[in-house]
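Reading the structure
Okay, here's what each chain looks like letter by letter:
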Amino acid sequence: MNIRIMHSYKNIFLWIVGVLFLQSCKVTSVKPDDFAKPNQFGPSAEVKISNDTLKSLPLIKDYYNDAKLQSLLKEAVQNNFDVQVATQRLQESVAETRFFKGVLLPEVHANVRAGQRRFGTYTIDGVGNFDTQFSTNLTPEQKLPAPNVPDYYLGLSTQWEVDVWGKLRNLKKGALQRYLASSSARNAIQTQMVASVANHYYRLMILDYELQILEENKNIRENALEAVKLQKEYGRSNELGIELIQAQLHQVNALYLEVKAEILETENQINILCGRFPQAVERNAIESSVTFTKNLPTIVPSFVLQNRPDIQASVHEMHANNANVRAAQAAFYPSLQLSAAFGLHSFRSQFLLDTPESLANELFANLSAPLLNRRALKSQLMMSKAHQKKAYVEYQKTVVEAFTEVYGLLQKEKYFTELKQERKLQVDVLKKSIQTSQALFVTGRASFLEVITAQENYLQSQLQWLDAMTALTQNQVNLFKAIGGGVQ
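Residues numbered from 1 in each chain as written. Predicted model: local features only at pLDDT ≥ 70, side-chain atom pairs only at ≥ 80, totals over all residues. Heavy atoms only, no water.

On a plain count of helices and strands, the protein comes out with 11 helices and 4 strands. The 488 residues of the protein split such that 38% are buried. Within the protein, counting contacts between residues at least 6 apart in sequence, those at least 24 apart form 85% of the total. If you sum the accessible surface of the protein, you get close to 28700 Å²; carbon and sulfur atoms cover 56% of it. (Helix = DSSP H or I, 4+ residues; strand = E, 2+ residues; numbered from the N terminus. Buried < 20%, exposed > 50% of the residue type's maximum accessible area, 1.4 Å probe, protein only. Contact = heavy atoms within 4.5 Å. Areas by Shrake-Rupley, 256 points an atom, 1.4 Å probe, with all protein chains shown as cover.)

Another aspect to go through is the environment of D66. Examined against the element boundaries, D66 turns out to sit in the loop between helix 2 (60–63) and helix 3 (67–79). Assessed through its relative accessible area of 10%, D66 is described here as buried. Counting along the chain gives 226 residues from D66 to F292, while the straight-line C-alpha distance between them is 7.7 Å. Apart from the residues within four sequence positions on either side, D66 is in contact with Y201, M205 and N284. Reaching out from D66, the side chain makes a polar contact with the side chain of N284 at a distance of 2.8 Å. (Polar contact = N/O pair within 3.5 Å; in protein donor to acceptor, adjacent residues only side chain to side chain.)

Moving on, we get to a nonpolar patch on the surface. Judged by side-chain polarity, V112, L154 and L353 come together as a nonpolar surface patch covering roughly 320 Å² of accessible area. Positionally, L154 belongs in strand 2 (residues 148–162). (Patch = residues over 30% accessible without salt bridge, like charges linked within 9 Å, V, L, I, M, F, W, Y side chains within 5 Å. Salt bridge = Lys/Arg side-chain N within 4 Å of Asp/Glu carboxyl O.)

Here we come to the pattern of salt bridges. All told, the structure shown has 16 salt bridges when counted by the stated rule. Residue K31 is joined to D34 by a salt bridge in which the shortest nitrogen-to-oxygen separation is 3.9 Å. By relative accessible area, which is 43% here, K31 ends up partly exposed. Judged by relative accessible area, which is 42%, D34 ranks as partly exposed. Here D62 makes a salt bridge to K61, at a shortest N to O gap of 3.5 Å. For K61, a relative accessible area of 51% translates into the label exposed. Salt bridges sharing partners connect three or more residues here, namely R308, D310, E405 and K481.

Under the 1.5 Å per step criterion, the end-to-end length of helix 3 is 18 Å for 13 residues, consistent within 8% with the ideal 18 Å. Within helix 3 the residues assigned to the buried category are L69, L72, L73 and A76. The buried side chains of helix 3 occupy one side of the element, clustering within an arc of 100 degrees when seen end-on. Exposed positions of helix 3 whose direction lies more than 90 degrees from the buried face are A67, K74 and Q78. Packed against the buried residues of helix 3 are helix 2, helix 6 (167–233) and helix 7 (239–273). (Expected span 1.5 Å × (residues − 1). Arc of directions from axis to C-beta.)

Turning to the side chain of Q177, a few remarks are in order. Inspection of the secondary structure puts Q177 in helix 6. If we ignore the near neighbours within four places in the chain, the residues touching Q177 are H316, H319 and A320.

On to the sheet that holds strand 3 (residues 335–346), then. Here 4 strands make up an open sheet; going across it, the order is 1-2-3-4 and the pairing antiparallel. The sheet is open, and its two edges are formed by strand 1 (107–118) and strand 4 (359–368), each paired on a single side. In this sheet, adjacent strand axes meet at a mean angle of 25 degrees when their direction is disregarded. When strand 3 meets strand 4, the two strands line up antiparallel, connected through 10 bridges. Bridge pairing links F342 to N361 in strand 4. (Pairing = 2+ DSSP bridges. Axes fitted to C-alpha atoms, helices over the stretch in contact; angles between N-to-C directions.)

Here the focus is the nonpolar core. The biggest cluster of nonpolar side chains holds 68 residues, and the ones touching the most others in it are Y64, L69, V197, Y202, I299, V304 and V406. Among the secondary structure elements, those contributing two or more residues to this core are helix 2, helix 3, helix 6, helix 7, helix 8 (301–307), helix 9 (309–330), helix 10 (375–442) and helix 11 (448–482). With 16 residues, the single largest contributor to this core is helix 6. Not counting residues up to four positions away in its chain, the partners in contact with Y202 are Y64, L69, F292, T293, T473 and V477. The next biggest cluster of nonpolar side chains, apart from the first, holds 10 residues, and it includes A224, L225, I245 and V451. (Core = buried A, V, L, I, M, F, W, Y, C linked by side-chain atoms within 4.5 Å.)

With 11 bridges joining them, strand 2 and strand 3 adopt antiparallel strand pairing. For S157, the partnering residue across the bridge sits in strand 3 and is A341.

On to the packing of helix 7 against helix 11. Relative to each other, helix 7 and helix 11 sit at 15 degrees, their axes nearing to 9 Å. As judged from the angle between their axes, helix 7 and helix 11 are roughly parallel. As helix 7 runs across helix 11, the sense of the crossing is left-handed. Of helix 11, the residues touching helix 7 (which contributes L240, G241, L244, I245, Q248, Q251, V252 and L255) are F448, L449, I452, Q455, E456, L459, Q460 and L463. Class assignment of the residues belonging to the contact of helix 7 with helix 11 gives a composition of 10 nonpolar, 5 polar and 1 charged. (Parallel < 35°, antiparallel > 145°, perpendicular 65-115°, else oblique. Left-handed = near helix turned anticlockwise from the far one by under 90°. Nonpolar A, V, L, I, M, F, W, Y, C, P; charged D, E, K, R; others polar.)

Structure (structure tokens):
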């Protein structure tokens, strides 16, 4: 007997020591500031403006000048399927947040119970109920019916786990941070979608302009074909010149059909992004000096951290995993649960509402802590710490990728601007060469091969200029997305 008592005291002692030891263990949290970030974008970038005077990020309607594009973007934000799915994920996070908020509060239940029980003859309850039939201390109404004993109850009951160690509060914090992460993830999807619609829309406008260029070159080559035919009649040319220029005409017609097919495909992509069935996309025409977007404010690294939704989502995921680790640690501590009930209880229905005779209540406090076979708790803590470290690594990766993306887009912005200007100068020079070659050909001072070469060079220079315009426009759209533009 003494051995059993000593063994019980030993378990209690170990339990108290274990609780005190766990209380002394501190949970290490990871923070965004733990990861050092650069103060400028690359070795050649200069920060010319402080964070205090930094302008806010332009709104979608202010950055994109085209009213028809703004209408498309508004429709896409409302109907895009990926954004709608992300919105529903956000609602799931809202439900999770409300669930853990409710866990902190006591549960109250209304209970109505009616039934009957029959005890065995050779049981404590059965013998005791049988003896009450012969008791002189009971009134006839107090004697238990036999052999079936009715049971009626009407009342309220409550249960509440007292959050002594903050386990439930940390679960609530984790759910809130996951909600914020889902909100930022939805914003990231929207910024990507807005950039995709803008890129496809501007590409569509450039393709329309490319059709005009092909029409112009078609007319140029038709005129050249007539000139070569006329020269052939006077013996100044031959059939080879006619055939080569006709081949050029077929080339232009083939390019025209390719562009028409690409226009159709681009319109389909816009319609999918807008969540609608195939239809024509309204757009404006462009000129050679068109400016698609407005200028962005001077960009510093902290500006990217402030606005990029994927970085914000990573930060919230870190905080959520920190809370999960603290909750998993608190699961080792003793838990205190309170339960109470108050109501009317009787084994005769006619006396159920009689008070105070039928009044019944109970109150319990339960303090428990895991002692043996805590593998599940240890596994949960180990898993939570692994998720915490993974979230921190994911945050580092997101920040590095974001800084690299913005740095690359900033550097390419000036390259593409200069490239577009050089391509335009090339187009202007080669356009003059078309007129020069035709004039020389008519006077016999140039061959038809020089005419064909001038025409081919002019067409290729125009297409290269359009490629440079496309690259510059996409870079501007992607830079706006890279710093977090496209949410409002």
